[in-house]
Amino acid sequence: MNHTNSWLIRNASAILTGLRGGAARHVGPDIRITQGRIAALGSLQPLPGEQVLDATDCVVYPGWVNTHHHLFQSLLKGIPAGIDQSLGAWLGAVPYRYRGLFDEHSFRLAARVGLVELARSGCSTVADHHYLYLPGMAFDSAQILFEEAERLGLRFILCRGGATQVRQAEGPATAGPETLTQYLDDVQRLVQVYHDPADDAWRRVVMAPTSPPYSMPPEHLRETARAARRLGIRLHSHLSETVEYQNEVHDRHGLSPVVFCAEQEWLGPDVWFAHLVKLSAEEIQLLGATGTGIAHCPQSNGRLGSGIADIVAMEAAGMSVSIGVDGAASNEACDMISETHAAWLMQRAKAGERAMARHAGGDLEGGAHVASVEDVVRWGTAGGAQVLGLDAIGTLQVGMAADLAIYRLDQPRYFGLHDLGIAPVVGGGRPTLRALLVGGRLSVENDAIPGLDLAELGSQARQAVLRLQQAAGVRA
């Protein structure tokens, strides 16, 4: 891997910064990187010792920040028993059925597949909600995740999942929750070994019980929140992905899911939730008032038939909005290009669903005005950095860490575009990645990752899928 971290990126066709309003684009056309930080943007000349990277006919974005993933699911794509199931039945048919069948090799391979796919989409930071913890595991899965991310030159945030009670859908084959003491002790161990509080950290740890209504009783949730704040780490989980969250919390506690989380000290600017598809207006206002964030996962929410989170309303209420790909088992992909394309389309479609004829009291034709490409880029970069508390990444401006993706628009889908800056989001397919720089280090060049044989990785993945199918008693 090239560890040079002083560059001059020259002659970009467009630069999107991840900032708001008029600052969302910079005319460039050049970007200077010195010792891993952005030193200047403008019309620049090479300095002695700089490595020049030609960005002619290329578009430059901040590196994407993926705020919700399940990397182990990268070997569980398109499983027939779950492909047409909504969340509850899908959980039983896919992740809960297969997760106990992973060994060290298949787990490492799954992590590598997912991280490679993300890196080749221009993603520089990955937050993985890792809940594959089972009694008697023979390997340290957290260590493997950190190792694989480091190998690829990506920033990595481990959201340490887990449960102290078993959800009914999990079944006896994967039963065996941790005690609260076991869970908290391991989080503390991980913080001591891996967590870096710096605003440009390469490694962090997050307190992340798998799902508040299901994974822990209220008293355990309160203790995890307090423990996280004592340790100085953030909190993350799933919430309100489907109406079953509303049913569960109402039946058990007589509350909405968001109010339930508030009572367990699980709201605030140090908390973000994945999904939040099914919320009342009052819940959105409470989340906004507390500065709680969201990892919006539009493709998984669409694939499982869950709905579309109203992130435009959430941001207007004061919430921090970011984008996550969720697991490949409920997405069949895990790249930030297709995810942001879906976010762009679905927010407009959601707004358009509110349009009615004038005679019925409507005054709206459609929703194309609600989510610009610049909004989507901001959600997928600066928004992600905000929910993760990584204040030195996520935007292209002087002084920030040099995490950036350079896309070459050399495929027919981009021919004829009048505004090249919007191409990666509106094109609906992955453009050639001219380069991915993370902290000024070159992680991907011309779609290739140094030292990685992509064909061999594909072959290993196919073999691993066959072994998983055999272990599960599924006929290939």
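Residues numbered from 1 in each chain as written. Predicted model: local features only at pLDDT ≥ 70, side-chain atom pairs only at ≥ 80, totals over all residues. Heavy atoms only, no water.

Chemist: Before we move on, can you summarise the packing of aromatic side chains with the specific residues and values?
Modeler: Applying the stated rule across the entire model yields nine aromatic pairs. When the ring of F146 is compared with that of Y194, the centres are 4.1 Å apart and the planes differ by 15°; the resulting orientation is stacked. Of the two residues, F146 is situated in helix 4 (residues 141-152) and Y194 in helix 5 (residues 180-194); the sequence distance between them amounts to 48 residues. Taking the relative accessible area as the measure of exposure, F146 reaches 1% and is therefore buried. Overall, Y194 belongs to the buried group, its relative accessible area being 10%. For the pair Y214 and Y245, a centre-to-centre distance of 5.3 Å together with 80° between the ring planes defines the contact as edge-to-face. With Y214 in helix 6 (residues 212-215) and Y245 in helix 8 (residues 243-253), this pair connects stretches of sequence that are 31 residues apart. Y245 matches Y214 in its accessibility class, with the two residues each being buried. (Phe/Tyr/Trp six-rings, centres within 6.5 Å; stacked < 30°, edge-to-face > 60°. Helix = DSSP H or I, 4+ residues; strand = E, 2+ residues; numbered from the N terminus. Buried < 20%, exposed > 50% of the residue type's maximum accessible area, 1.4 Å probe, protein only.)

Chemist: Please provide a residue-by-residue account of the domain arrangement of the protein, values included.
Modeler: What the domain assignment reports for the protein is domain 1 (6-62 + 401-445) and domain 2 (64-383). For domain 1 and domain 2, the distance between their C-alpha centres works out to 29 Å. Taken residue by residue, the interface counts 29 residues in domain 1 and 27 residues in domain 2. Across the domain 1 to domain 2 interface the summed buried area is about 2,200 Å²; carbon plus sulfur atoms make up 62%. Across the salt bridge formed by E374 and R25, the nearest N and O atoms sit 2.9 Å from each other. Connecting domain 1 to domain 2 are ten residue pairs in polar contact (both at pLDDT 80 or more). Within the residue set of the side of domain 1 that touches domain 2, elements represented by two or more residues are strand 7 (58-62), strand 16 (404-408), helix 15 (423-426), strand 17 (432-438) and strand 18 (441-445). (Domains from an automatic or database assignment. Contact = heavy atoms within 4.5 Å. Buried area = accessible area lost by both parts, 1.4 Å probe. Salt bridge = Lys/Arg side-chain N within 4 Å of Asp/Glu carboxyl O. Polar contact = N/O pair within 3.5 Å; in protein donor to acceptor, adjacent residues only side chain to side chain.)

Chemist: An account of the nonpolar core is requested, with residue identities and associated values reported.
Modeler: With 116 residues, the main nonpolar core has Y61, W64, L76, F102, M207, L276 and M314 as its most contacted residues. With nine residues, the single largest contributor to this core is helix 3 (residues 104-120). When residues of this core are assigned to domains, at least three fall in each of domain 1 (6-62 + 401-445) and domain 2 (64-383). Residues within four places of L276 in sequence aside, it is in contact with L239, S240, L287, G293, I294, A309, M314 and M319. (Core = buried A, V, L, I, M, F, W, Y, C linked by side-chain atoms within 4.5 Å.)

Chemist: So, the layout of surface pockets: which residues are in play, and what are the values?
Modeler: The computed volume of the second largest pocket comes to approximately 180 Å³. Around the second largest pocket, the lining is made up of 13 residues, and of these I79, P80, Y98, V465 and Q469 lie nearest the centre. Contributions of two or more residues to the lining of the second largest pocket are made by helix 2 (95-98) and helix 16 (454-471). In terms of residue count, the dominant contributor to the lining of the second largest pocket is helix 16 (three residues). Across the lining of the second largest pocket, the residue classes tally to nine nonpolar, two polar and two charged. (1 Å grid on protein atoms, 1.4 Å probe; cavity = no way out; pocket = protein on both sides within 12 Å on 5 of 7 lines; lining within 4 Å. Points joined across faces, edges and corners; volume = space filled by probe spheres on them. Nonpolar A, V, L, I, M, F, W, Y, C, P; charged D, E, K, R; others polar.)

Chemist: Explain the pattern of salt bridges to me, using residue names and the numbers behind them.
Modeler: Oppositely charged side chains are able to pair whenever their charged atoms sit close together. Applying the stated criterion across every chain yields a total of 25 salt bridges. One salt bridge connects R203 with E150, and the closest N-O pair in it is separated by 3.0 Å. Here R203 is found in strand 11 (residues 203-207), whereas its partner E150 is found in helix 4, with 53 residues between them in sequence. On the basis of relative accessibility, which here comes to 53%, the residue E150 falls in the exposed class. Between D186 and R189 there is a salt bridge, with the nearest N and O atoms lying 2.7 Å from each other. Taken together, the residues D186 and R189, both in helix 5 and three residues apart, mark about one turn of the helix. Classification of D186 by relative accessible area gives buried; the value is 15%. Within this structure, D140, R160, E178, D186 and R189 form a network of salt bridges that share partners.

Chemist: Outline the pairing of strand 16, supporting the account with residue identities and numerical values.
Modeler: The element strand 16 is extensively covered by neighbouring structure, given that four of its five residues are classed as buried. Examined bridge by bridge, strand 7 and strand 16 share five bridges and lie antiparallel to one another. Bridge pairing in strand 16 links P62 to L404. Bridge count for strand 16 against strand 17 is five bridges, and the pairing is antiparallel. In the strand pairing of strand 17, A405 is matched with L436. (Pairing = 2+ DSSP bridges.)

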